[in-house]
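Below are the chains, spelled out letter by letter.
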Amino acid sequence: MTIEIINHTTRPTKIRNYGTSRYTDLNYMESEWDAVWRKSWLLAGLVSDVKNTGDYFVFDMGREQILVTRTASDSVQGFYNVCQHRGNRLVSNERGNATNFRCAYHAWTYDLDGALKIVPYEERFAAGVPCEERSLKKVHTEVWDGFVFVSLAAEPEPLLDYLGPVVDHLAAYRFADMTLTEDQTVHHRCNWKAVVDNFSELYHVDFLHPQHRRMVDCCNDTVHLFENGHTGLAVPGATVNPRFPVPDEPTDIQSAQLQGLGLNPDDFNGRVLEVRAAVQQRKREAGAANGVDYAEFSDDQLSDVWQYNLFPNVILSFTPEHCWVLRPRPHPSDPQQCYFDKLTLLKLAPEGAEHTGHSRPERDVFDHLAIISGEKTMTDTIDQDIELLGGVQAGMASQGFDSVWLNDDEMRVQHFHDALDDLIAPK
Ligand code: FES
Ligand SMILES: [Fe+2]
């Protein structure tokens, strides 16, 4: 493992063993609401969902809902999804297009910029209606590479400052040019941080995800630790895990990669460790094929799987051709539950996205038991994680377990919790 500390002067070598109340305790959840969710930039959704004037979506975030829309002046703006008459939820649809927002209760109506425009029987308000004051409450909203972020803070630092060097690291991938092909949410019975932890280390991969040894090399990963609690990971792909015997023939996963690039897997019998370089070279030769401009990527990026975690709750796992946006959201009132979103984005050739009439997939929402029963899947790997995480949460709630004990491979877990501890003093 290579570790790069970016804008972070001290490598956290100290073994940490933070306690478990942060996964179970209502008071901690309350502190987290104030110190984390009200202060951080939060990934609310995709710019592609607010492409046209009046497009909107609702971002459900713990006890708050944020309505994000494209205003008449063509900017993307978030508002608290709350009518300013008597507090009714203003918009109940998950997504849509509107010319204005009309409350179902007494029909107060706001334009796309959130301005209160219509108050039925306005003359019956003896004190009048100060429309300016009673317009929708805005939240800070910024866009980065196809993603809409919101902040509930009064004066957040600019989003790009918050993300820091991550922005440059990921510039070649151009997530904004990718197309949403699947939208899933699983309701899980674990704290949202158990999901972040799970996607912050490779220690478990050899044991929980045996299939990974046929596609990635988890021994030679590169870890980045950034300011503000963000972390990054690069894992060599199109190869095998050298901790295990190297097979004579390319694995099924390598073979599929080779065939997808027009190469014959048989040519790599006895040369399995050369597949990665061949994949890189083939993509380099392909140039701007399949809607991906490979010229912008380094050789490693052409073959490798990267995963960047944006504090607090966004996990991006990606290659030049795809990105998974994984986002555990806290439950409004129970620290032992969360909602875990997975958005699948693909870089489709232009004719794939436009001319075949690609339409946005509906969000599929299901319980974690549907994963366990096999009725639903979020891919084999994530299913394995989800199945396991209920057991982790149960352990966190047990009086037989006080604190975690982390190794070097879990440095990103530690970095994430260090950032949390900077915001909330550990109890
Ligand atoms: S609460 Fe919305 S109009 Fe009354
Ligand atoms: Fe995993």
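Residues numbered from 1 in each chain as written. Chains lettered and ligands numbered in written order. Predicted model: local features only at pLDDT ≥ 70, side-chain atom pairs only at ≥ 80, totals over all residues.

It is worth spelling out the environment of S75 at this point. Residue position: S75 is located in the loop between strand 4 (64-70) and strand 5 (76-80). For S75, a count of 13 C-beta atoms within 10 Å corresponds to the partly exposed category. Taking C-alpha positions, S75 is 29 Å from G229, a pair spaced 154 residues apart along the chain. (Helix = DSSP H or I, 4+ residues; strand = E, 2+ residues; numbered from the N terminus. Buried ≥ 20, exposed ≤ 12 C-beta atoms within 10 Å, placed from the backbone.)

On to the domain arrangement of the protein. When the domains of the protein are assigned, the result is domain 1 (1-39 + 165-237 + 304-427), domain 2 (41-152) and domain 3 (252-301). Distance from the C-alpha centre of domain 2 to the C-alpha centre of domain 3: 46 Å. (Domains from an automatic or database assignment.)

Moving on to the nonpolar core. In terms of nonpolar packing, the biggest core is built from 88 residues, with A44, V68, V148, F149 and V195 touching the most fellow members. Both domains that meet at this core, namely domain 1 (1-39 + 165-237 + 304-427) and domain 2 (41-152), each give it at least three residues. When sequence neighbours within four positions are dropped, the list of residues in contact with V195 reads C190, P328, C338, F340 and L389. Residues L258, A278, V292 and L302 belong to the second largest nonpolar core, which totals 8 residues. (Core = buried A, V, L, I, M, F, W, Y, C linked by C-beta atoms within 7 Å. Contact = placed C-beta atoms within 7 Å.)

This brings us to the sheet that holds strand 10 (residues 138-144). Strand order in the open sheet formed by 7 strands is 2-11-10-5-4-3-6, with antiparallel pairing between adjacent strands. Each having just a single partner strand, strand 2 (41-46) and strand 6 (95-97) make up the two edges of the open sheet. In this sheet, adjacent strand axes meet at a mean angle of 30 degrees when their direction is disregarded. (Pairing = 2+ DSSP bridges. Axes fitted to C-alpha atoms, helices over the stretch in contact; angles between N-to-C directions.)

We now examine the confidence of the model for the protein. Interpreting fine coordinate detail is not advised for predicted regions of low pLDDT. Mean pLDDT over the protein works out to 93, with 94% of the residues at or above the 70 mark. Note on residues 6-11: pLDDT is under 50 here. Beyond four places in sequence and across chains, it has 13 contacts. (pLDDT = per-residue confidence, 0-100.)

A few words now on helix 12 (residues 411-423). The first and last C-alpha atoms of helix 12 sit 19 Å apart over 13 residues, in line with the 18 Å expected at 1.5 Å per residue. Burial in helix 12 covers these residues: M411, R412, V413, Q414, H415, F416, H417, A419 and L420. (Expected span 1.5 Å × (residues − 1).)

Among the secondary structure elements, P361 is positioned in the loop between helix 9 (350-355) and strand 19 (363-367). A sequence separation of 215 residues divides P361 from G146, and the C-alpha atoms of the two residues are 17 Å apart. If we ignore the near neighbours within four places in the chain, the residues touching P361 are L180, T181, E182 and D183.

Moving on, we get to the pairing of strand 4. The buried fraction of strand 4 is high, at 5 of 7 residues. Here strand 3 (residues 55-61) pairs with strand 4 via 6 bridges, running antiparallel. Note that in strand 4 the partner of Y56 across the bridge is T69. The loop that links strand 3 with its antiparallel partner strand 4 comprises 2 residues; one of these, G62, has a positive phi angle of about 60 degrees. In this sheet, strand 5 lies alongside strand 4 in antiparallel orientation, the contact comprising 5 bridges. Counterpart to T69 in the pairing with strand 5 is Q77. In sequence, strand 4 turns back onto strand 5 through a hairpin of 5 residues, with D74 there showing a positive phi of about 70 degrees.

Here we come to the pairing of strand 14 (residues 231-235). Of all 5 residues in strand 14, 5 are buried; the element is thus mostly enclosed. Side chains T231, L233 and V235 of strand 14 all project onto a buried face; the interleaved residues G232 and A234 project onto the opposite face, where all are buried too. By the bridge criterion, 4 bridges tie strand 13 (residues 222-225) to strand 14 in an arrangement that is antiparallel. Looking at the pairing, V223 lines up with L233 of strand 14. Where strand 14 and strand 15 (residues 305-310) come together, 5 bridges link them in antiparallel fashion. Directly across from A234, in strand 15, lies its bridge partner W306.

Turning next to the sheet that holds strand 9 (residues 116-118). Strand order in the open sheet formed by 3 strands is 7-8-9, with antiparallel pairing between adjacent strands. Unpaired on one side and paired on the other, strand 7 (101-102) and strand 9 mark the two borders of the sheet. Direction of pairing for strand 8 (residues 109-110) relative to strand 9: antiparallel, over a ladder of 2 bridges. Its bridge partner lying in strand 9, Y110 is registered against L116.

Here we take up unusual backbone geometry. Residue P312 is bonded to the preceding F311 through a cis peptide linkage, with omega at 0 degrees. Structurally, P312 is set in the loop between strand 15 and strand 16 (314-319). Despite not being glycine, D74 has its phi angle at roughly 70 degrees, a positive value. Look at D74 and you get exposed, because 8 C-beta atoms sit within 10 Å. Its identity is not glycine, yet N228 carries a phi of approximately 65 degrees, on the positive side. If you trace the backbone, N228 turns up in the loop between strand 13 and strand 14. Taking the C-beta count within 10 Å as the criterion, N228 has 19 such neighbours and is therefore assigned partly exposed.

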